[in-house]
Amino acid sequence: MNSYFNIADWLVIFIYLGGIILLGVWFGKDQKNTRDYFLGSKNIPWWGIGLSIVAAETSALTIIGVPAMAYGSDMAFIQLIVGYVIARIILAIVMVPHYFKGEIYSPYQLFSNAFGHSARQTAGGFFLLSETLAAGVRVYVACIPIQLMLGIHIFPAIVLFVVLSLIYTYIGGVKAVIWTDAVQFGLFLAGGIFTLIYIPRLFEGGFSEVWHQAMVNGKLHWLNKGFSWSDPINIWMGVIGGTFMVMSSHGAEQLIVQRVLACKNVTDGRKALTLSAVVIFPLFFIFLLCGAMLWVYYQSHPFQIPLPESRPGIKSNDFIYPIFMLTEVPHFLKGLLIVAILSAAMSSVSSALTSLASVSTMDFVKGYISKGRSEEYYLRFSKVSTIFWAGALIYIAYLSRQVPFVLDAAFKLRGLTSGALLGGLILALFWRRNGKAMPVIIGMFCSLIVMTYLSPLIQGIPKLPHWMQLKNQIAFPWYTMIGTIITLTVAWLVSLIYSSTPGASTEASKSSGKATEPITRK
């Protein structure tokens, strides 16, 4: 056990873990069908869903990765949050009404209505791929404090943490996830505010001294007006790239859309997104400022626990905030801060599990493979698939242990498919050309291929030609925009080829097939 903890710290942690699991079990008592399990019976208040949206998207990456980014550089990441706010406003006005034209379980049903089952399953498959990879990285981050707390290796820490999150997700479904998210949001917000108050108290000059040192050393710098496709982050990345990123994550990816779909109506869906827009900016500002203050603190104080190396010679800044909590904060308060990280981390795991299970069940099994089965069968399959995805996250999380900077890695992994999903959704909602699936599917796969090339996934290939070095010049905030443009452009070009080929239209319609499963209307 960790020598930095005493009985009060452990008591706080065990009470929290037990309380969260019991809360999830309590919400699980009314799960009778997939509507209850994946939509929460559509009786959850909008403000709870709004807080859950923020908790799901920030999670442990915010609590651990964002302070690490500010510690290692500055607060320029806040420029991306401008786009986060803009995107929510656009989605609330334009996209939310489409989600309530009947009762749907994922945005990929909209692909089915426009282009048939093949387009729906392509989009669903893209989400399953990207979310498994990105969520696996988030799980690894979540297990950093557990590894430090228990003094164990990373793999048993990952298994322990995923299993704890799995318990209430398996039993309670999305309703348990949303309400525990709302509670967890309050906890990790309180943890960030406490840090901002506590660190200045460790200096004779208080807040003014810490602020001055951070400002003089460039840690409070946040605005970069110069345009660039590569790092560092600039305001154009934030306004343009950040907007595209969140339009995809909150409009075309099930992780967040599932929460909007759980709202009662269009008005509540818009309120939930608007609340998340109001909260997201100050939340990121708080944790970026925490990172700047941590840098000031460790300029005059030694690390009591050495920073691990993600690779030989490369220190892992993602351990800085957890180490500070373990070694520099008084007992009991230490337990509360660790609970703040655990709450964010459990939110990330449970959100991933329920979204992956809903897509695999509703878009693949119920949507196409196993028609005619009973609701009990689908509910049972949903819970089994939740266990399967928990195993997948454990595997990916363990592979993520050598990633040098997890926040950057998670965004880049999501960027592989985010543009394809957003471009496909735009086509499904607004492209009325001919309803053929093939141009959309080809466009999405071309986007995936190009974005895989732009990402770091092929950096290990030796002796790449000079012209292929473009991948090192594109920062992740641009990934979604580039992928969206590729999807739309290729789909348009392929549709022109189809239209000019005699007989292609008839054959394509037969092969792709318009949706045979319309959106269920209440």
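Predicted, not measured: the structure shown is a model, and the values here were computed from it.

J.: Looking at this model, I keep getting lost on the pattern of salt bridges. Mind explaining?
T.: If the charged atoms of two oppositely charged side chains come close together, the side chains can form a pair. Enumeration over the complete set of coordinates arrives at five salt bridges. Taking the shortest distance from any N to any O, the salt bridge between Asp363 and Arg120 comes out at 2.8 Å. Here Asp363 is found in helix α14 (residues 333–369), whereas its partner Arg120 is found in helix α6 (residues 117–142), with 243 residues between them in sequence. The pair Asp363 / Arg120 is uniform in exposure class, with both members buried. When the shortest N-O distance is used, the salt bridge between Asp181 and Arg259 registers 2.9 Å. Taken together, the residues Asp181 in helix α8 (residues 154–198) and Arg259 in helix α11 (residues 254–261) connect sequence positions 78 residues apart. Both residues of the pair, Asp181 and Arg259, belong to the buried class.

J.: So what exactly am I meant to see when it comes to a nonpolar patch on the surface here?
T.: Judged by side-chain polarity, Ile86, Ile89, Ile90, Ile93, Val94, Phe227, Trp229, Trp236, Val239, Ile240 and Phe430 come together as a nonpolar surface patch covering roughly 950 Å² of accessible area. Those elements that provide at least two residues to the nonpolar patch are α4 (78–99) and α10 (235–249). Broken down by element, the nonpolar patch gets its largest block of residues, five residues, from α4. Mapped onto the elements, Ile90 comes out in helix α4. Assessed through its relative accessible area of 31%, Ile90 is described here as partly exposed.

J.: Looking at this structure, how should I read the nonpolar core?
T.: The tendency in soluble globular proteins is for nonpolar side chains to be buried as a group. With 178 residues, the main nonpolar core has Phe77, Tyr84 and Tyr99 as its most contacted residues. The biggest single contributor to this core is helix α12 (residues 266–300), with 18 residues. Apart from residues no more than four positions distant in its own chain, Tyr84 is found in contact with Glu57, Phe77, Gly242, Met245, Val246, Ile280, Phe284 and Phe411.

Procedures and definitions
- Residues numbered from 1 in each chain as written.
- Predicted model: local features only at pLDDT ≥ 70, side-chain atom pairs only at ≥ 80, totals over all residues.
- Heavy atoms only, no water.
- Salt bridge = Lys/Arg side-chain N within 4 Å of Asp/Glu carboxyl O.
- Helix = DSSP H or I, 4+ residues; strand = E, 2+ residues; numbered from the N terminus.
- Buried < 20%, exposed > 50% of the residue type's maximum accessible area, 1.4 Å probe, protein only.
- Patch = residues over 30% accessible without salt bridge, like charges linked within 9 Å, V, L, I, M, F, W, Y side chains within 5 Å.
- Areas by Shrake-Rupley, 256 points an atom, 1.4 Å probe, with all protein chains shown as cover.
- Core = buried A, V, L, I, M, F, W, Y, C linked by side-chain atoms within 4.5 Å.
- Contact = heavy atoms within 4.5 Å.

None of the figures reported here should be taken as evidence of function without further support.
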